Amino acid sequence: MTAAQLPPVAPEVTATLVEELSPRLRKRLDAAVTKLGARPTHRDGDTVTIAVDEETDLRMHAPGGVVATADALTCGCLLAPACVHRAAAACAAPAADPAPDPAGQETPSEAASAPHADGTASESTGPAPESTTPAPYGTAPAPDSTTPAPDATVFTPPDNTSAPDVASPAQRVAADAVWSAAAAVLEAGVEGAGAVAQAALLRAAHTARLQHLPRAAGAALSVVTLLRAARAGDPSYRTPDLVTALAELLGTAHRVGTASGAELAAVRGRARRPYSPDGSLRLYGLFTEPVVTDSGHGGARTWVAGPDGRLCTVGDVAPGGVGRALGVADRAVRLGESALTHRELGRAGLAVSGATVSPDGRLGAGKGVKAVTARGAAWTEPPLAALWETPPLQQAVRALRATSRYADPDAGGSDLLFLDVELRGAVRDPGGTCLLASCDGGIAVRLTVADDDPALAHRDNLMLLATAPGTRLRIIGRLLPALHPRLALLACSHPTGEGTIDLGFDRLRRADLPVPDAPVHPAPPEPGDSGANSPLHLLERRVEQTVPAGRAALGMLGDVSAEARRLRRAGLPTAAGLLAALCASAARRERDAFGRLLPADTDGFATHWLAAARYTSAVSESLCAAAWEPRPEPAVTG
């Protein structure tokens, strides 16, 4: 049995069932979840039956697809309903999203799988004095003055001369409960955050939702989902994802009590994805990319642009994996009366009336939307040509704002870059072979595979292009934050003529490559990016090390003064102070007058960890932006 075979369970149901268990049964809960996961299941309509043993069945009734009440889980064992089986089944099942998107705005399948940024709002940055005192909860310490920082959106404090919009006492209590539950998870680490700790987070999420704090509620559900994936050995799980989710949850929980006005509205979040009427739109197709998620969803997303350069997407994603992605590309888009397929739309145009658009650019497909086919535009023609006229540095900074780990989810923006490049050949990289190219300003860009699934054309196309150094292409790629310029290659102009190539769907042949008429320059050596040798990883690894094993993993490190000195020598005194404070907080345990150990300061440790996590994210993004700065032309001598 896998979690995907069970119906989603409402967070409050799981929390209630765990809370009702006796202390003795709570100790057995994690083992019961594991044991139940090995038992066979059977689905009959809205009911899923789990064979607890040869004589006992447990039934999960999910009308509408979700187990919404505790009574919907029934067990046939002698101890029911006070048995451990009902709680174990709820803990093994996925946590249900309590706030689905409104009907008619987008397909539920697309909402379930398409990426959406979520995190605390971005804040201004600037020099910070050397200190071991962490920044306030949820605030990234400013990068050191020696660290290049990208342009940041400056937060303007709300006008408090009139009565400001502040969180209610009930909302602050709910946010405090979220903070406490998240801090307990950080204290215990993945290994110690079993079903009981997860249930506490689910209860906090439910309370936050009832108090109109959907952003904190959604962040808590994300942490629970990642914890379960980590404990189950899911191959798609990545520790940095849980680091980001925990930091976003802790930061959001605290800022509920400190924010006001527009900032508070952003921290509260939205229960539903807002789609705003946008009148009539004239759209020009750019390209189509396959979408394949770790959860087994598949489909296609087509990117279009308006006359002003604003980017929008039309998607069709549902359960089905890569096979569905390959099939959907040639199906008609779900938008008005248009008969265009996704791949055709990527090269054609649309005239849309009654359009609705979400902050992240998704076009709504409601009943009032009308769309008809129109003429498209080549990448070299207006209005699309203007996308390639923005300098690479400005594009990278814009993309970083959209992809920041803690970006405002309603801020919009795109992570795509539009570049004119010259291919230089294949180079080896720690993540595998990639294609090196140079663009305006002498910037060397590594182009990588967007999806390594062999059924898609990404890998074969990139390897074929690597055999044609000297070829000039107009490309579209997705920014991959790194200490050097790096893009996932999505689409390019045809190497020998007019037209474009969707690199996930269209397969290039050797005959499509130009025949070189002159010697080509070999791939240059590794570029000396300013942040490539940054010792920031010394702090990053301690932040990540906490998540799997908890506070104790750092408490046993001992002296970290050598690492702190290395950070100071590299011009990162704030990082050095945060590292020392984090490790000291992990090791600190006070004793009472009789020498007995007092409870650990869970809140204090969470504060130090959050400050370090937010700082490393801010500096990493600054170094990424700095890597896109134009390189000076070499001096000509002789």
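## Side note on the packing of helix 9 (residues 239-258) against helix 19 (residues 602-627)
Right, so step 1: Interaxial distance between helix 9 and helix 19 falls to 10 Å at its minimum, and their mutual angle equals 120 degrees. For the element pair helix 9 and helix 19, the recorded crossing hand is left-handed. Side by side, helix 9 and helix 19 meet where V243, L246, A247, L250 and G251 of the first sit next to W609, L610 and A613 of the second.
Right, so step 2: Residues of the contact of helix 9 with helix 19, tallied by class, amount to 7 nonpolar, 1 polar and no charged.

## Thoughts on the packing of aromatic side chains
Right, so step 1: Evaluation of the coordinates by the stated rule reveals 3 aromatic pairs.
Right, so step 2: Seen from their ring centres, F287 and W303 are 6.3 Å apart, and the 10 degrees between their planes marks the pair as stacked. Here W303 lies in strand 6 (residues 297-305) and F287 lies in strand 5 (residues 276-292), a separation of 16 residues in the sequence. Summarising the burial analysis for this pair, F287 and W303 share the class buried.
Right, so step 3: Through pairs of rings, three or more aromatic residues link up here, namely W379, W388 and F418.

## Here we look at a negative patch on the surface
Right, so step 1: Taken together, the side chains of D176, E590, D601 and D603 make up a negatively charged region of the molecular surface.
Right, so step 2: If you trace the backbone, D603 turns up in helix 19.

## Some points on the sheet that holds strand 3 (residues 57-61)
Right, so step 1: Overall, antiparallel pairing links the 4 strands, which are arranged 1-2-3-4 in an open sheet. Each of the sheet's edge strands pairs with one partner strand only, and the pair in question is strand 1 (41-44) and strand 4 (73-75). Strand-to-strand twist across the sheet, computed as the mean angle between neighbouring axes with direction ignored, equals 20 degrees.
Right, so step 2: When strand 3 meets strand 4, the two strands line up antiparallel, connected through 3 bridges. Within the sheet, the bridge partner assigned to L58 lies in strand 4 and is C75.
Right, so step 3: Contacts from helix 4 (residues 85-92) reach strand 2 (47-51), strand 3 and strand 4, with the element oriented near 135 degrees to strand 4.

## Things to note about unusual backbone geometry
Right, so step 1: Between A80 and the following residue, P81, the backbone shows a cis peptide bond with an omega angle of 5 degrees.
Right, so step 2: Within the element layout of this structure, P81 appears in the loop between strand 4 and helix 4.
Right, so step 3: Backbone torsion omega between P382 and P383 reads 5 degrees, so that peptide bond is classified as cis.
Right, so step 4: With respect to the secondary-structure elements, P383 resides in the loop between strand 9 (370-374) and helix 13 (392-403).
Right, so step 5: In this model, H212 sits at a positive phi of 65 degrees, which is unusual for a non-glycine residue.
Right, so step 6: Position of H212 among the secondary structure elements: in the loop between helix 7 (195-210) and helix 8 (214-231).

## Overview of the pattern of salt bridges
Opposite charge on two side chains makes pairing possible when the charged atoms of those side chains draw close.
Right, so step 1: As enumerated under the stated definition, the model contains 24 salt bridges in all.
Right, so step 2: The salt bridge partner of R255 is E263, with a shortest N-O separation of 2.5 Å.
Right, so step 3: When its relative accessible area of 3% is taken as the criterion, R255 is described as buried.
Right, so step 4: Since its relative accessible area comes to 17%, E263 is described here as buried.
Right, so step 5: Salt bridges linked by common partners bring D330, R343, R347, D502 and D506 together as one network.

Conventions used here
- Residues numbered from 1 in each chain as written.
- Predicted model: local features only at pLDDT ≥ 70, side-chain atom pairs only at ≥ 80, totals over all residues.
- Heavy atoms only, no water.
- Axes fitted to C-alpha atoms, helices over the stretch in contact; angles between N-to-C directions.
- Helix = DSSP H or I, 4+ residues; strand = E, 2+ residues; numbered from the N terminus.
- Left-handed = near helix turned anticlockwise from the far one by under 90°.
- Contact = heavy atoms within 4.5 Å.
- Nonpolar A, V, L, I, M, F, W, Y, C, P; charged D, E, K, R; others polar.
- Phe/Tyr/Trp six-rings, centres within 6.5 Å; stacked < 30°, edge-to-face > 60°.
- Buried < 20%, exposed > 50% of the residue type's maximum accessible area, 1.4 Å probe, protein only.
- Patch = residues over 30% accessible without salt bridge, like charges linked within 9 Å, V, L, I, M, F, W, Y side chains within 5 Å.
- Areas by Shrake-Rupley, 256 points an atom, 1.4 Å probe, with all protein chains shown as cover.
- Salt bridge = Lys/Arg side-chain N within 4 Å of Asp/Glu carboxyl O.
- Lys, Arg positive; Asp, Glu negative; His and termini not counted.
- Charge placed at Lys NZ, Arg CZ, Asp CG, Glu CD.
- Pairing = 2+ DSSP bridges.

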